[in-house]
Amino acid sequence: MDQMVALYIVPTPIGNFGDISARALEVLQQVDLIACEDTRHSGKLLSHFGIETRKTALHDHNERDRVQWIVEQLDAGKSIALISDAGTPLISDPGYHLVNYVRKAGHRVVPLPGACAAITALSASGLPSDRFSFEGFLPSKEKARIDKLEFLKEDPRTLIFYESPHRILYSLAAIIEVLGADRQIVMAREVTKIFETFLSGTAAEVLAIVEADKNQQKGEIVIMCHGFSLSDEEGVPAVAVTTLKLLCEELPLKKAAAIAAQIHGLKKNALYKYGLELDL
C-alpha cells in the first residue's frame, strides 16, 4: 500500500464477502484508523478477515462534527480508511462532507474501486446502460415522492433508485401514477446474496408480483426504470425516425427535423426533441 498519508475510500461487499478486493483488505489492514458508518456492523466484516485496525464511527448524525477531528488525525500523519455498511461510501451513504473537508485541508483522498448496488444491478437488468441517472432513495413523503418523479418523468436516461422494504409498494405505486403503468422497470432485490431476485416487466406487472409475494418486500432493493421515449409517448412513426436519421447525415438537426416533419406531416418540434434524445 502507498504509505503516504491519505483518506482512503474503500468499498465493501454489498452481500457476498468474497467480493471484497485484495487491495481493499490491504488498505484496511495497514491504515491507522477505519471510519465506519456503523462500527458494530463493520466489525463483523473486519473480524471475518482478521482485521484489528482501530475503528471510529462516522455516520449521518455525527459526520459534520467529526470531520475536524479526522483532519487532525491526518495532520498528525495518520492514514484513514472510510467504509460504509455496504458498497461504495458516499453513494447514498455518509462521507461527502468528510471528503470535501479533507480535500480543502490539503490532504489526499484515494478512491478504491469496488461494489456498488446500483451499478451491479444495472449491469444485469437488461435496461439501457449507456446513459443512466442514479437518484438514490425516493422521498419518504408522498407529495415529495410524486414531485420527484414528475421532475424525472421525461428524462430519457435509465433511472436508478434505492428503496427500503417498508416503502417499496408506495414507490412502485407512485411510479405507476407518474411514469405510467406501462413503463418498463426492473426491480433487483438482495443483489449478490442468497435470495437475489430480478423482477422485470411493466411497472404494473412488477407491482402485482410484489403485492402477491411478501418475500419480495424484504431486503435491499434497487428499482430501475426505462427512460422516457418520445417516440412512444408522442407517436413518432418509425419511418419518420428513419428519415430524420438519414437527413441528419447531411444536415443540422434543426433543419433535418423541419424537413422530416414536412415530409411526414408531423410537428417539427417533436422530431427535433426526439433527435436530441437520440443525440443526432
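Predicted model only: the values in this text are computed from it and were never measured.

A. Expanded view of the layout of surface pockets. Considering only enclosed or pocket space, the largest pocket measures out at about 610 Å³ in volume. Around the largest pocket, the lining is made up of 30 residues, and of these Ile14, Asp85, Ala86, Gly87 and Glu220 lie nearest the centre. At the level of elements, helix 2 (39-48), strand 7 (158-163) and strand 10 (221-225) are the ones that each hand at least two residues to the lining of the largest pocket. The element best represented in the lining of the largest pocket is helix 2, accounting for four residues. A per-class count over the lining of the largest pocket returns 14 nonpolar, eight polar and eight charged. By volume, the second largest pocket is sized at about 210 Å³. The wall of the second largest pocket is formed by 13 residues, among which Pro128, Asp130, Arg131, Pro156 and Glu277 lie closest to the centre. A per-class count over the lining of the second largest pocket returns four nonpolar, four polar and five charged.

B. Main features of the sheet that holds strand 6 (residues 132-137). The mixed open sheet is built from five strands, whose spatial order is 6-7-10-8-9. Every other strand in the sheet has two partners, leaving strand 6 and strand 9 (197-202) as the edge strands with one partner each. Neighbouring strand axes in the sheet, compared pairwise and without regard to direction, differ in orientation by 15 degrees on average. Looking at chain direction, strand 8 (residues 184-189) and strand 9 are connected through six bridges and run antiparallel. Bridged to Met187 within strand 9 is Leu199. Relative to strand 10, helix 7 (residues 168-179) is tilted by about 5 degrees, and along the sheet it contacts strand 7, strand 8 and strand 10.

C. Spotlight on the domain arrangement of the protein. Partitioning the protein into structural domains gives domain 1 (7-111), domain 2 (117-225) and domain 3 (238-278). Placing a centre on the C-alpha atoms of domain 1 and another on those of domain 2 gives a separation of 29 Å. Each partner contributes to the interface: domain 1 provides six residues, whereas domain 2 provides nine residues. When domain 1 packs against domain 2, close to 530 Å² is buried across both sides, 63% of that on carbon and sulfur atoms. Interface area lost by domain 1 to domain 2 is led by Ile14, Ile91 and Ser92, which between them contribute 77%.

D. Representation of the UniProt feature "domain: Tetrapyrrole methylase" (unreviewed entry) in the protein within the structure. In this numbering, the UniProt entry assigns the feature "domain: Tetrapyrrole methylase" (unreviewed entry) to residues 7-206. Secondary structure across residues 7-206 divides into 38% helix and 21% strand, with the first and last C-alpha atoms of the span separated by 42 Å.

E. A look at the pattern of salt bridges. For the coordinates displayed, the defined rule picks out six salt bridges. Measuring nitrogen to oxygen at the nearest pair gives 2.7 Å for the salt bridge that ties Arg157 to Asp155. With relative accessibility at 11%, the residue Asp155 sits in the buried group. The partner of Glu163 in a salt bridge is Arg167, and the shortest N-O contact between them spans 3.4 Å. Here Glu163 and Arg167 have matching classes, each one buried.

F. Inspection of unusual backbone geometry at higher detail. Positive phi, normally seen in glycine, also occurs at Leu90, with a value near 80 degrees. Checked against the element boundaries, Leu90 lands in the loop between strand 4 (80-83) and helix 4 (96-104). The class for Leu90 is partly exposed, based on a relative accessible area of 30%.

Cut-off values and rules
- Residues numbered from 1 in each chain as written.
- Predicted model: local features only at pLDDT ≥ 70, side-chain atom pairs only at ≥ 80, totals over all residues.
- Heavy atoms only, no water.
- 1 Å grid on protein atoms, 1.4 Å probe; cavity = no way out; pocket = protein on both sides within 12 Å on 5 of 7 lines; lining within 4 Å.
- Points joined across faces, edges and corners; volume = space filled by probe spheres on them.
- Helix = DSSP H or I, 4+ residues; strand = E, 2+ residues; numbered from the N terminus.
- Nonpolar A, V, L, I, M, F, W, Y, C, P; charged D, E, K, R; others polar.
- Pairing = 2+ DSSP bridges.
- Axes fitted to C-alpha atoms, helices over the stretch in contact; angles between N-to-C directions.
- Contact = heavy atoms within 4.5 Å.
- Domains from an automatic or database assignment.
- Buried area = accessible area lost by both parts, 1.4 Å probe.
- UniProt positions renumbered as here; feature names shortened; annotations may be inferred.
- Salt bridge = Lys/Arg side-chain N within 4 Å of Asp/Glu carboxyl O.
- Buried < 20%, exposed > 50% of the residue type's maximum accessible area, 1.4 Å probe, protein only.

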